[in-house]
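So the chains spell out like this:
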4 protein chains.
Amino acid sequence: MKNTFGNQVSLTIFGESHGPAIGAVLDGLAAGLPVDEAHIARWMDRRRARGDGLSTSRKEPDTVRFLSGVYNGRTTGTALTLMIENTAQRSGDYAKTAGLARPGHADYTAHVKYQGFEDFRGGGHFSGRLTAPLVAAGALCQSILAAKGVRIGTHLYRLAGLDDQPFAGGEEKLAAQLAALEEREGFALLDPSREEAMKAAVRSAAAEGDSVGGILETAVLGLPAGAGEPFFDSAESVLSHLLFSIPAVKGVEFGDGFALADQKGSGANDPLAVQGGRVVTLTNHNGGINGGITNGMPLVFRAAYKPTPSIYKAQHTVNLASLTEAELQIQGRHDPAIVPRAAVVQTAAAAFGLLDLLTARFGTLWQREGF
Amino acid sequence: MKNTFGNQVSLTIFGESHGPAIGAVLDGLAAGLPVDEAHIARWMDRRRARGDGLSTSRKEPDTVRFLSGVYNGRTTGTALTLMIENTAQRSGDYAKTAGLARPGHADYTAHVKYQGFEDFRGGGHFSGRLTAPLVAAGALCQSILAAKGVRIGTHLYRLAGLDDQPFAGGEEKLAAQLAALEEREGFALLDPSREEAMKAAVRSAAAEGDSVGGILETAVLGLPAGAGEPFFDSAESVLSHLLFSIPAVKGVEFGDGFALADQKGSGANDPLAVQGGRVVTLTNHNGGINGGITNGMPLVFRAAYKPTPSIYKAQHTVNLASLTEAELQIQGRHDPAIVPRAAVVQTAAAAFGLLDLLTARFGTLWQREGF
Amino acid sequence: MKNTFGNQVSLTIFGESHGPAIGAVLDGLAAGLPVDEAHIARWMDRRRARGDGLSTSRKEPDTVRFLSGVYNGRTTGTALTLMIENTAQRSGDYAKTAGLARPGHADYTAHVKYQGFEDFRGGGHFSGRLTAPLVAAGALCQSILAAKGVRIGTHLYRLAGLDDQPFAGGEEKLAAQLAALEEREGFALLDPSREEAMKAAVRSAAAEGDSVGGILETAVLGLPAGAGEPFFDSAESVLSHLLFSIPAVKGVEFGDGFALADQKGSGANDPLAVQGGRVVTLTNHNGGINGGITNGMPLVFRAAYKPTPSIYKAQHTVNLASLTEAELQIQGRHDPAIVPRAAVVQTAAAAFGLLDLLTARFGTLWQREGF
Amino acid sequence: MKNTFGNQVSLTIFGESHGPAIGAVLDGLAAGLPVDEAHIARWMDRRRARGDGLSTSRKEPDTVRFLSGVYNGRTTGTALTLMIENTAQRSGDYAKTAGLARPGHADYTAHVKYQGFEDFRGGGHFSGRLTAPLVAAGALCQSILAAKGVRIGTHLYRLAGLDDQPFAGGEEKLAAQLAALEEREGFALLDPSREEAMKAAVRSAAAEGDSVGGILETAVLGLPAGAGEPFFDSAESVLSHLLFSIPAVKGVEFGDGFALADQKGSGANDPLAVQGGRVVTLTNHNGGINGGITNGMPLVFRAAYKPTPSIYKAQHTVNLASLTEAELQIQGRHDPAIVPRAAVVQTAAAAFGLLDLLTARFGTLWQREGF
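Counting from 1, residues in each chain are numbered in the order their sequence is written. For naming, the first written chain is A and the first written ligand is 1, with later ones following in the order written. Given that the model is predicted, a residue must reach a pLDDT of at least 70 before its local features are reported, and side-chain atom pairs must reach 80 or more before they are shown or counted; all residues, however, enter totals for whole chains, interfaces and linings. Only heavy atoms go into the side-chain values, all of them from the structure, while hydrogens and water stay out.

**Student:** Could you clarify how one ought to interpret the overall build of chain A in this entry?
**Tutor:** What counts as a helix is a DSSP run of H or I of at least four residues, what counts as a strand is a run of E of at least two, and both are numbered from the N terminus. A tally of regular secondary structure across chain A gives nine helices and 19 strands. The size measure is the radius of gyration over C-alpha atoms, and the globule rule it meets is 2.2 Å times the number of residues to the 0.38 power. Computed over the C-alpha atoms, the radius of gyration of chain A is 21 Å, within 12% of the 21 Å expected from 2.2 N^0.38 for a compact globule of 371 residues. In terms of overall dimensions, chain A has a C-alpha envelope of 70 × 50 × 40 Å along the principal axes. The 371 residues of chain A split such that 68% are buried. If you take every contact in chain A between residues at least 6 apart in sequence, the share linking residues at least 24 apart comes to 73%. As presented, chain A carries roughly 10,400 Å² of accessible surface, and 51% of it is formed by carbon and sulfur atoms. Here the term buried applies to any residue with accessible area under 20% of the maximum for its type, exposed to any over 50%, and partly exposed to those in between, with areas from a 1.4 Å probe on protein chains only. Whether two residues are in contact is decided by their heavy atoms: any pair within 4.5 Å suffices. What sets the accessible areas is the Shrake-Rupley method with a 1.4 Å probe; for residues, cover comes only from the shown protein chains.

**Student:** How should I be thinking about the relation of the copies chain B and chain C in this particular structure?
**Tutor:** Mapping between the two copies of the chain is achieved by a rotation about an axis and a shift along the axis. The copies were overlaid with a least-squares fit restricted to C-alpha atoms from residues scoring a pLDDT of at least 70 in each copy. Relative to chain C, chain B is turned by 180° and slid 0.0 Å along the rotation axis, the superposed coordinates differing by an RMSD of 0.0 Å. Considering both components of the superposition, the chain copies are consistent with a two-fold axis. Most of the interface of chain B is mirrored in chain C: 100% of its interface residues are interface residues there too.

**Student:** Before we go on, may I ask you to explain the interface of chain B and chain A in this structure?
**Tutor:** Frequently, the measure chosen for interface size is the accessible area removed from exposure when the parts meet. Every contact between the two is made by 98 residues of chain B and, on the other side, 99 residues of chain A. Overall, the association of chain B and chain A removes approximately 8,100 Å² of surface from exposure, summing both partners, and the carbon and sulfur fraction of that is 60%. Looking at the side of chain B facing chain A, the largest losses of area belong to Phe 231, Phe 232 and Lys 250 of chain B, adding up to 11% of the total buried there. Salt bridge criterion: a side-chain nitrogen from Lys or Arg within 4 Å of a carboxyl oxygen from Asp or Glu. If you look at where chain B meets chain A, you find eight salt bridges. In this structure, Glu 236 of chain A and Lys 250 of chain B form a salt bridge, with 3.0 Å as the shortest nitrogen-oxygen distance. We call two N or O atoms a polar contact when they sit within 3.5 Å, provided that within protein one can donate a hydrogen and the other can accept it, with sequence-adjacent residues counted only if both atoms are side-chain atoms. Along the contact surface separating chain B from chain A lie 64 residue pairs in polar contact (both at pLDDT 80 or more). Here the element with the most residues in the side of chain B that touches chain A is strand β12 (residues 249-254) of chain B; it accounts for six residues. For this scheme, ten residues count as nonpolar: Ala, Val, Leu, Ile, Met, Phe, Trp, Tyr, Cys and Pro. Four count as charged, namely Asp, Glu, Lys and Arg, and the remainder, Gly too, count as polar. For the side of chain B that touches chain A, the class distribution of residues is 45 nonpolar, 35 polar and 18 charged. Strand direction decides the pairing type here: strand β12 (residues 249-254) of chain A and β12 of chain B, joined by three bridges, are antiparallel. Accessible surface is computed with a 1.4 Å probe, and the buried area is the amount of it that two parts give up when combined, taken over both parts together. Any two strands between which DSSP finds at least two bridges are classified as paired.

**Student:** What is the right way to read the sheet that holds strand β6 (residues 70-71) of chain C from this model?
**Tutor:** In sheet architecture, strand pairing relies on hydrogen bonds along the backbone and comes in two forms, parallel and antiparallel. Residues and elements named next belong to chain C. Spatial strand order, β4-β7-β6: three strands in an open sheet with antiparallel pairing. Every other strand in the sheet has two partners, leaving β4 (31-34) and β6 as the edge strands with one partner each. The pairing of β4 with strand β7 (residues 74-76) spans two bridges and is antiparallel. The residue bridging Ala 31 from the neighbouring strand is Thr 76, located in β7.

**Student:** Got a minute to help me understand the sheet that holds strand β9 (residues 151-159) of chain C in this structure?
**Tutor:** On the basis of which strands lie adjacent, the open sheet formed by 10 strands has the order β10(C)-β9(C)-β11(C)-β17(C)-β12(C)-β11(D)-β16(D)-β10(D)-β8(D)-β9(D) and antiparallel pairing. The open sheet has two free edges, formed respectively by β10 (162-163) of chain C together with β9 (162-163) of chain D, since each of these has just one partner strand. With eight bridges joining them, strand β8 (residues 151-159) of chain D and strand β10 (residues 214-221) of chain D adopt antiparallel strand pairing. Within β10 of chain D, the position partnered with His 155 of chain D by the bridge is Glu 217 of chain D. Contacts from helix α5 (residues 171-183) of chain C reach β9 and β11 (214-221) of chain C within the one sheet, and its direction differs from that of β9 of chain C by about 80°. Angles run from 0 to 180 degrees between N-to-C directions of axes, and those axes are lines fitted to C-alpha atoms, restricted for helices to the stretch in contact.

**Student:** In this structure, what is going on with unusual backbone geometry? I would like to understand it.
**Tutor:** Across residues other than glycine, the phi torsion is negative in most instances, and most of the peptide bonds are trans. With an omega dihedral of 15°, the bond running from Pro 230 of chain B to Phe 231 of chain B counts as a cis peptide bond. If you trace the backbone, Phe 231 of chain B turns up in the loop between β11 (214-221) and α7 (235-243). Even without being glycine, Ala 160 of chain D reaches a positive phi, approximately 50°. Within the secondary structure, Ala 160 of chain D sits in the loop between β8 and β9. Residue classification places Ala 160 of chain D among the partly exposed positions, given a relative accessible area of 25%.

**Student:** What is the right way to look at the pattern of salt bridges in this model?
**Tutor:** Between side chains of opposite charge, pairing is possible as soon as their charged atoms come close. By the definition in use, this model includes 76 salt bridges over all chains. In this structure, Glu 253 of chain B engages Arg 302 of chain B in a salt bridge whose closest nitrogen and oxygen atoms are separated by 2.8 Å. Pair noted here: Glu 253 of chain B is in strand β12 and Arg 302 of chain B is in strand β17 (residues 299-305), with a separation of 49 residues, a long-range link. Assessed through its relative accessible area of 9%, Glu 253 of chain B is described here as buried. Among the ionic pairs, Lys 113 of chain C bridges to Glu 229 of chain D, the shortest N-O distance being 3.2 Å. On the criterion of chain membership, the pair formed by Lys 113 of chain C in helix α3 (residues 107-113) and Glu 229 of chain D in the loop between β10 and α7 (235-243) is interchain, its members lying in two chains.

**Student:** Explanation requested: the interface of chain B and chain C in the structure shown.
**Tutor:** On the side of chain C, 45 residues touch chain B, which itself brings 45 residues to the contact. Between chain B and chain C, roughly 3,700 Å² of surface is buried when both sides are summed, and carbon and sulfur atoms account for 58% of that area. Across the chain B-chain C interface, the total number found is two salt bridges. Glu 85 of chain B serves as the salt-bridge partner of Arg 65 of chain C, at 3.1 Å between the closest nitrogen and oxygen. If you look at where chain B meets chain C, you find 14 residue pairs in polar contact (both at pLDDT 80 or more). Contributing elements (two or more residues each) for the side of chain B that touches chain C: β2 (10-15), β3 (21-27), β4 (31-34), β5 (65-68), β7 (74-76) and β8 (80-85) of chain B. Counting residues per element, the side of chain B that touches chain C draws most heavily on β2 of chain B, which supplies five residues.

**Student:** Is there a simple way to think about the environment of Ser 245 of chain B in this case?
**Tutor:** With respect to the secondary-structure elements, Ser 245 of chain B resides in the loop between α7 and β12. Since its relative accessible area comes to 6%, Ser 245 of chain B is described here as buried. Each C-alpha atom of the pair Ser 245 of chain B and Phe 126 of chain B lies 9.9 Å from the other, and the pair is 119 residues apart in sequence. Apart from the residues lying within four places of it in its own chain, the contact partners of Ser 245 of chain B are Phe 231, Phe 232, Ser 234 and Ser 237 of chain A. For Ser 245 of chain B, the side chain forms a polar contact with the side chain of Ser 237 of chain A, separated by 3.2 Å.

**Student:** Looking at this structure, I do not really get the relation of the copies chain B and chain A. What am I missing?
**Tutor:** The operation relating chain B to chain A is a screw motion whose rotation component is 180°, with 0.0 Å of axial translation and a residual RMSD of 0.0 Å. When the interface residues of chain B are mapped onto chain A, 100% of them are again interface residues, pointing to one common binding face.

**Student:** Can you walk me through helix α5 (residues 171-183) of chain A in this structure?
**Tutor:** In an α-helix there are 3.6 residues to a turn, and that puts residues three or four apart on one side. Residue and element names in this part refer to chain A. Expected span, for any helix, means 1.5 Å times one less than how many residues it has. Spanning 13 residues, α5 covers 19 Å between terminal C-alpha atoms, matching the ideal 18 Å at 1.5 Å per step. By the burial criterion, the buried members of α5 are Leu 174, Ala 175, Gln 177, Leu 178 and Leu 181. Looking straight down α5, one finds its buried side chains confined to an arc of 165°; they lie on one side. For α5, the exposed residues lying more than 90 degrees away from the buried face are Glu 172, Lys 173 and Glu 183. Those residues of α5 hidden inside the fold are in contact with β9 (151-159) and β11 (214-221). To obtain the arc, one takes the directions from the helix axis to the C-beta atoms.

**Student:** When you look at the packing of helix α7 (residues 235-243) of chain A against α7 of chain B in this model, what are you seeing that I'm missing?
**Tutor:** Between two packed helices, both the angle of their axes relative to each other and the distance between the axes serve to describe the pair. Orientation of α7 of chain A relative to α7 of chain B, taken along the N-to-C sense of each, is 170°, at an axis distance of 8 Å. Taken together, the axes of α7 of chain A and α7 of chain B lie roughly antiparallel to each other. In this structure, α7 of chain A contributes Ser 237, Ser 240 and His 241 of chain A to the contact, and α7 of chain B contributes Ser 237, Ser 240 and His 241 of chain B. When an angle is under 35 degrees it counts as roughly parallel; over 145 it counts as roughly antiparallel; between 65 and 115 it counts as roughly perpendicular; any other value is oblique.

**Student:** Looking at this structure, how should I read the packing of aromatic side chains?
**Tutor:** What describes a pair of aromatic rings is the distance from one ring centre to the other and the angle between the planes of the rings. Planes of paired rings set the category: under 30 degrees apart is stacked, over 60 is edge-to-face and the rest tilted, where pairs are Phe, Tyr or Trp rings (Trp by its six-membered ring) whose centres lie within 6.5 Å. Considering all chains together, one arrives at 30 aromatic pairs over all chains under this definition. Aromatic pair Phe 120 of chain A and Tyr 71 of chain D: ring centres 6.1 Å apart, planes at 85°, arrangement edge-to-face. Of this pair, Phe 120 of chain A sits in the loop between α3 (107-113) and α4 (131-146) while Tyr 71 of chain D sits in strand β5 (residues 70-71), placing the two residues on different chains. The class for Phe 120 of chain A is partly exposed, based on a relative accessible area of 35%. A ring is considered to have a charge above it if a Lys NZ or an Arg CZ atom is located within 6 Å of its centre and within 35 degrees of its normal. The lysine or arginine in question, Arg 302 of chain C, covers the ring of Tyr 157 of chain C, its NZ or CZ lying 5.3 Å from the ring centre.

**Student:** How should I be thinking about the side chain of Thr 75 of chain A in this particular structure?
**Tutor:** Here Thr 75 of chain A shows up in strand β7 (residues 74-76). The buried category is assigned to Thr 75 of chain A, whose relative accessible area is 1%. Reaching out from Thr 75 of chain A, the side chain makes a polar contact with the backbone oxygen of Ala 30 of chain A at a distance of 2.7 Å. Contacts of Thr 75 of chain A, omitting those with residues within four sequence positions, involve Leu 29, Ala 30, Ala 31, Gly 32, Leu 33, Val 35, Gly 69 and Leu 80 of chain A together with Phe 117 of chain D.

**Student:** Explanation requested: helix α6 (residues 195-207) of chain A in the structure shown.
**Tutor:** Residues and elements named next belong to chain A. The end-to-end C-alpha distance of α6 is 18 Å, a good match for the 18 Å that 13 residues give at a rise of 1.5 Å each. Contacts from the buried residues of α6 go to β9 and β10 (162-163). At the C-terminal side of α6, Gly 209 shows a positive phi close to 75°.

**Student:** Would you take a moment to explain the packing of helix α1 (residues 37-47) of chain D against helix α9 (residues 339-362) of chain D for this structure?
**Tutor:** All names here are of chain D. Two elements in contact, α1 and α9, have axes separated by 6 Å at closest approach and are oriented at 135°. Looking at the two axes, α1 sits oblique to α9. For the pair formed by α1 and α9, the contact residues are Trp 43, Arg 46 and Arg 47 on the first element and Arg 341, Val 344, Val 345, Thr 347 and Ala 348 on the second.

**Student:** Please explain the pairing of strand β13 (residues 272-275) of chain B as it appears in this structure.
**Tutor:** Residues in a regular strand project their side chains so that they alternate between the two faces of the sheet. Pairing of β13 of chain B with strand β14 (residues 278-281) of chain B involves four bridges; the strand directions are antiparallel. For Ala 273 of chain B, the partnering residue across the bridge sits in β14 of chain B and is Val 280 of chain B.

In structure tokens, the structure reads:
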């Protein structure tokens with residue numbers, strides 16, 4: 001339903017990049033859950049631009065203000081609303097190119113859909129800024145899952161054509177990788193020795209006035225088997241719905257994903273076994289999901305992000321006011337690589353989606369068990 | 001919401017492989033739309049097993065019976081219910097392996113989720129048979145879109161490691177390809193000369209008791225710009241939600257998809273231009289969608305299907321009743337390649353999802369304009 | 001969403017009075033719940049016409065056939081579909097008045113909404129027959145609630161201007177009343193001595209070619225406090241949404257309802273007390289709901305049913321084809337009093353709505369606890 | 001879905017009486033609709049307490065701040081968020097009675113539902129204050145309907161046991177009544193000569209430390225026939241769902257409502273006729289709705305409001321912390337009659353519900369036609 005998603009736990013996202021504020025309403029939480037503002041601020045910080053030559057120099061404090069649903073540091077069980085004021089807009093930068101649709105952006109499609117009444121400044125409702133409230137809400141969802149032993153992490157699987165080390169197959173080693181990821185701020189690599197090469201590749205593209213894309217991989221450990229509601233609300237369906245809401249995502253795959261298309265059944269099926277009284281699979285080609293339902297093994301998925309469409313190279317485009325062709329020279333502050341900042345967004349989306357599916361199964365009150 | 005999806009046009013899918021019937025309720029159609037039963041039967045036929053060594057020898061007539069919502073060959077505007085009786089079950093085949101979870105299937109996850117009460121016969125609710133009512137409903141949705149000049153088609157982009165020719169970039173040539181696809185029944189290739197090689201590769205895997213996967217590519221031509229409802233109901237989100245409901249789909253990508261991750265912005269952005277008074281893009285790396293909204297160019301996406309999990313090779317697994325390990329030798333009738341039959345399923349899912357998005361924008365009554 | 005209602009447990013109703021079948025899809029049930037077909041048949045029988053001069057002489061066997069979601073007599077946890085074939089149509093009766101809108105019916109509004117393509121026979125989608133699948137689904141929901149100690153019953157609070165005895169205020173006496181109601185078939189009075197007078201009043205109206213209305217009152221005992229999801233999904237909102245879906249309902253009130261409008265606060269507030277370690281109210285003017293959430297006291301509500309619109313007196317109306325005025329003389333079989341048959345429908349609607357609200361709070365798996 | 005309602009146009013309400021802010025997200029509006037802040041402020045003013053002895057002396061400026069979805073005074077087509085800061089809380093008043101459940105309020109039910117973590121101050125999420133964002137959103141919806149010739153108004157049908165003049169049956173006279181109502185601020189009577197007697201009755205109850213209830217009647221003129229989506233989303237169902245979300249509403253009826261229960265069919269059916277080429281009904285007992293679908297005649301409904309539960313008389317209740325019985329003496333500022341202030345709330349709820357139903361039929365773009 002447009003800007004609201006979720007059944008038992010639902011999230012409504014609102015705002016425009018240069019409007020007064022962006023925010024979210026998170027509904028369906030149990031009462032009495034601790035709202036750790038420092039934890040949320042840490043997640044907001046990971047999404048924040050760093051001014052390190054990789055991301056835009058627009059710096060927003062991104063302070064999350066709770067308008068409802070929190071009392072004495074805990075959820076009240078009613079709709080939780082969070083708001084982030086927009087404070088660092090430099091709309092003047094955009095006025096210069098107003099009317100010229102930026103290729104790869106939503107400028108033209110928003111113009112058609114909203115018939116010229118869209119708030120085009122800074123991408124409006126289509127700005128990556130809209131992921132900030134998703135991160136805040138997701139941080140809260142993740143803390144609920146964490147209290148139940150569920151761990152989630154996302155790393156830079158691939159950036160500017162360079163790979164990180166992959167997630168480990170074994171649960172023990174994966175747990176260590178996820179723990180290490182939680183310590184890292186802003187450039188989420190499993191193998192930190194690859195950071196400099198990646199950053200150099202980004203800076204090289206930036207120097208040409210260009211931008212790069214990449215792939216983010218998420219793993220979830222400790223998830224109960226049984227989450228997912230086929231036919232339509234398979235775990236993959238719910239998560240992909242959320243992932244494709246993140247601006248720039250153009251592909252999503254679970255487990256071995258597209259590589260499975262070239263496999264034979266004997267190579268794609270995960271043999272089952274019993275270990276410590278628990279049913280496990282000996283491989284995890286299916287990424288922890290069978291038939292749309294989690295199987296208790298690590299949930300693993302990847303999303304492909306196209307390169308930031310805002311580049312400084314001249315581009316051929318159309319003036320939407322006059323319907324004539326024109327050359328566009330983008331000004332303003334833009335990330336040559338949005339992917340590192342998107343890691344925490346992807347984690348947040350997963351945390352929210354999984355909390356919704358688990359709440360459907362176990363009920364709202366379950367969220368608070370253990371706190 | 002579990003077995004129901006869609007806002008303005010909604011679809012409820014029900015049934016189990018070996019239960020009395022499978023079916024669907026399609027709600028939100030305008031009144032007065034022609035229900036062309038022969039057209040629907042043609043689509044059902046494309047999904048049907050052919051007994052040609054590529055697909056299961058279980059042959060269902062798959063006759064669609066309309067229980068409601070149709071009167072004198074036209075929609076009444078109320079909920080349209082279609083039912084397909086299950087007639088060709090051979091449940092005995094499954095009794096032999098009852099208790100043994102088939103690797104790659106939903107046997108184990110369904111067992112956990114439904115606590116042993118699931119109808120496991122033939123995969124139950126998780127059987128590919130559940131896509132039959134989706135095809136029938138999608139055929140009807142497609143006929144509504146077709147009356148408005150929207151054309152949809154899906155081809156075997158890749159099967160058993162072999163590629164078809166890709167969709168053409170230009171709209172005129174693409175139109176010809178889609179027209180040709182509509183003529184083909186059951187093995188949807190843009191380049192029919194590759195059919196024999198592909199079939200040989202499938203038969204070779206089948207001869208080893210194994211199965212193959214593949215990739216299906218869909219193109220939609222003539223779609224109005226402006227469909228899609230971000231933040232959450234982006235066109236990609238809605239379509240991927242539906243695609244990941246199709247059993248065996250493990251990856252979905254739009255436009256250049258995962259390949260965009262390795263691109264630079266200058267290579268990923270589609271320059272805009274004016275042609276015949278209409279705004280177009282000169283390339284289509286974004287697959288007809290920007291910011292989650294259709295841009296009027298061809299919508300192009302691909303879904304990766306893992307190989308059929310039912311193979312005749314012996315597999316290591318777990319007896320769910322005794323929680324002991326066991327060897328599984330699958331009997332029964334199974335497709336070594338499900339992908340050819342899934343082409344029409346993918347088309348159907350797209351037709352339904354797009355009709356829902358367009359109806360949100362233009363209203364229910366719009367569906368009937370032109371008829 | 002049109003023909004689907006409910007969040008955690010959802011119900012989709014389909015069918016037309018003279019189409020092939022009517023039915024429902026009930027989704028969101030736990031697996032392993034017993035499906036007692038005899039219990040469901042008993043409820044269907046209460047809704048059935050009796051040919052006793054009070055209700056139509058059209059007799060449908062109303063056999064419920066389960067198409068999906070049931071295996072070995074228990075729910076599978078997937079969408080449960082039930083179908084009732086239409087067998088006793090006499091569409092010829094309707095052909096005679098085709099084109100003449102029956103006053104008080106949906107003939108004209110359906111004609112506008114569906115632009116002449118509606119299945120008008122027997123009221124089509126607007127027939128009281130559509131409540132049959134609601135009863136079947138509600139019977140199943142009620143049996144789930146009953147296993148948790150929740151009791152529901154509905155009586156003929158008022159019919160043809162005559163009152164039944166009201167529900168008792170005390171829980172113990174109310175329990176006895178509900179138990180007695182379960183025994184009664186077809187004419188649900190708390191004081192059976194009033195039956196003859198009521199029936200006489202109905203027959204008197206019928207003799208004049210007229211029909212009567214009435215009020216049905218429902219009580220629910222043993223409901224846990226805490227059900228209801230304000231702001232929008234208050235217990236009253238959810239229940240009234242369902243009640244106003246029942247054809248002929250034109251008013252709904254909870255507790256003392258409209259009479260509260262004339263009260264003062266001191267007379268409307270229910271004092272709280274502690275009894276047996278449990279918080280109770282000493283009166284129940286609010287009908288078991290405060291702030292949209294159940295308070296653990298008996299839930300009490302009433303719905304007003306207008307008289308059956310099909311009467312044999314001549315009526316002034318419009319020919320929808322020619323848009324000219326005309327006199328209408330209705331033929332066919334019609335109930336002079338639909339209200340007695342609607343009692344079980346109202347109970348069914350309540351059972352479904354409450355199961356949905358309780359499942360949201362306690363989770364799907366909770367449904368099966370105790371079985 | 002808890003705090004979100006609506007299909008095509010959806011409304012999310014958030015906030016607590018003494019939290020930082022209350023507000024709403026209105027989603028599904030077309031772009032380009034004028035947002036008349038003065039009009040909205042006028043509606044907010046009608047809901048505002050007047051300190052005239054009838055309503056609480058707590059005065060909130062209730063300034064509506066738009067956080068998103070508005071640009072240059074027009075809707076952008078994306079989610080519109082409005083926020084009203086809470087500024088005049090005197091939580092100290094509530095601290096005195098903290099722990100003592102106020103009879104007739106949600107104190108006890110919220111305590112059970114939210115397990116002691118609710119924000120109890122001033123009624124929290126259950127305060128009548130939550131209707132302020134509903135009024136703001138409804139004012140905007142009404143202005144969209146008004147541009148299409150739809151007129152809505154609500155009057156004090158009954159207050160403290162005294163009646164206003166009823167709505168006129170004829171459309172012309174009703175139009176005059178609605179126009180007159182728009183002029184009146186704060187005490188919406190069709191016959192202003194009854195104002196003093198009503199106010200005296202309220203003041204008399206207030207003088208005893210008591211409160212009064214009443215009935216509000218709404219009429220909608222100029223509504224197209226064809227709105228409403230049976231089976232479940234009948235016009236009555238959607239409107240009653242919204243009306244029962246308004247705190248204190250305990251009964252809802254359409255047309256002649258409960259009085260229809262005592263009618264015969266010949267007295268309840270509205271004869272149809274043709275006037276000026278248009279199908280009309282000669283009476284309007286059904287309140288403009290047949291079969292859950294609007295028929296083009298005036299839509300008329302009433303909601304019963306129980307008396308304000310906050311009274312100054314001593315009341316018997318329970319201390320929720322100690323689970324012991326206690327006497328409660330309420331302090332603070334409370335309305336002896338909430339009903340006059342609720343008139344605009346009821347109008348707002350109707351405007352929102354009808355806009356949603358009409359948008360489903362005609363599409364989002366239809367909203368802007370005529371602007």
